[in-house]
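Overview (structure and organization)
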Amino acid sequence: VLTFVNCWNVKWATRVQDIFTGAKLFALAVIIITGFVQLGRGQTQYFTFDNTEHDITKIALSFYSGLFAYNGWNYLNFVIEELKEPVKNLPKAIYISISLVTAVYVLTNVAFYTTLSPAEVLGSEAVAVALLCWCYGRPDARDSDNDPG
């Protein structure tokens, strides 16, 4: 459907992408606010460095893998031709996007670990759904053995 909209009218496709981006950011804001509420309630029991990896080669490999997981930087060369005043606007776009993505990513992970244990985060197919089910009405979604309080 999105391909059809993009072929039909580029402005419509831009609007659809803006709506989807807004919806994603709204959902992430709900998760982050939930995390702040949980922090306010004193939910900090999962913020530990137990079982942390200390091997520098594994840490470097994780960063290297993350580089390819977030491959959007690779498409910069294709977009730069369509950008108005690229010398001025490209650095702005980079600074804003890197800052926004980093802040949202870190705060979302903080929100996850306010309520879910590392084992629950690793074992969940949809971590955000597990968090929101636990906090907003389905506390039975978690095993009683892992109950934080």
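Residues numbered from 1 in each chain as written. Predicted model: local features only at pLDDT ≥ 70, side-chain atom pairs only at ≥ 80, totals over all residues. Heavy atoms only, no water.

1. A few points about helix α7 (residues 127-135)
Buried residues of α7: V127, L131, C133 and W134, and no others. Viewed end-on, α7 has its buried residues packed into an arc of 165 degrees, placing them on one side of the element. Directly beyond the C-terminal end of α7, a positive phi value near 120 degrees is found at G137. (Buried < 20%, exposed > 50% of the residue type's maximum accessible area, 1.4 Å probe, protein only. Helix = DSSP H or I, 4+ residues; strand = E, 2+ residues; numbered from the N terminus. Arc of directions from axis to C-beta.)

2. Overview of the UniProt feature "transmembrane region" (unreviewed entry) in the protein chain
The UniProt record marks residues 19-39 and 93-113 with the feature "transmembrane region" (unreviewed entry), using the residue numbering of this structure. End C-alpha to end C-alpha, residues 19-39 measures 30 Å, and it is 100% helix and 0% strand. Secondary structure across residues 93-113 divides into 100% helix and 0% strand, with the first and last C-alpha atoms of the span separated by 30 Å. (UniProt positions renumbered as here; feature names shortened; annotations may be inferred.)

3. What to know about the environment of W12
Residue placement: W12 occurs in helix α2 (residues 10-40). Separated by 10 residues in sequence, W12 and L2 have C-alpha atoms that sit 9.6 Å apart.

4. Remarks on a nonpolar patch on the surface
A surface patch of nonpolar side chains, about 430 Å² in accessible area, is lined by L61, Y64, L67 and F68. Mapped onto the secondary structure, Y64 falls in helix α3 (residues 56-69). (Patch = residues over 30% accessible without salt bridge, like charges linked within 9 Å, V, L, I, M, F, W, Y side chains within 5 Å. Areas by Shrake-Rupley, 256 points an atom, 1.4 Å probe, with all protein chains shown as cover. Salt bridge = Lys/Arg side-chain N within 4 Å of Asp/Glu carboxyl O.)

5. Structural notes on the confidence of the model for the protein chain
Averaged over every residue, the pLDDT of the protein chain is 83; the share at 70 or more is 86%. For the protein chain, per-element mean pLDDT is lowest for helix α4 (residues 76-79), which scores 71, and highest for α2, which scores 91. (pLDDT = per-residue confidence, 0-100.)

6. Looking at the nonpolar core
Across soluble globular proteins, nonpolar side chains have a tendency to be buried as a group. With seven residues, the main nonpolar core is built from I31, A111, F112, L116, V121, V127 and L131. Secondary-structure elements contributing two or more residues to this core are α5 (86-115) and α7. When sequence neighbours within four positions are dropped, the list of residues in contact with A111 reads I31, I32, G35 and L131. (Core = buried A, V, L, I, M, F, W, Y, C linked by side-chain atoms within 4.5 Å. Contact = heavy atoms within 4.5 Å.)

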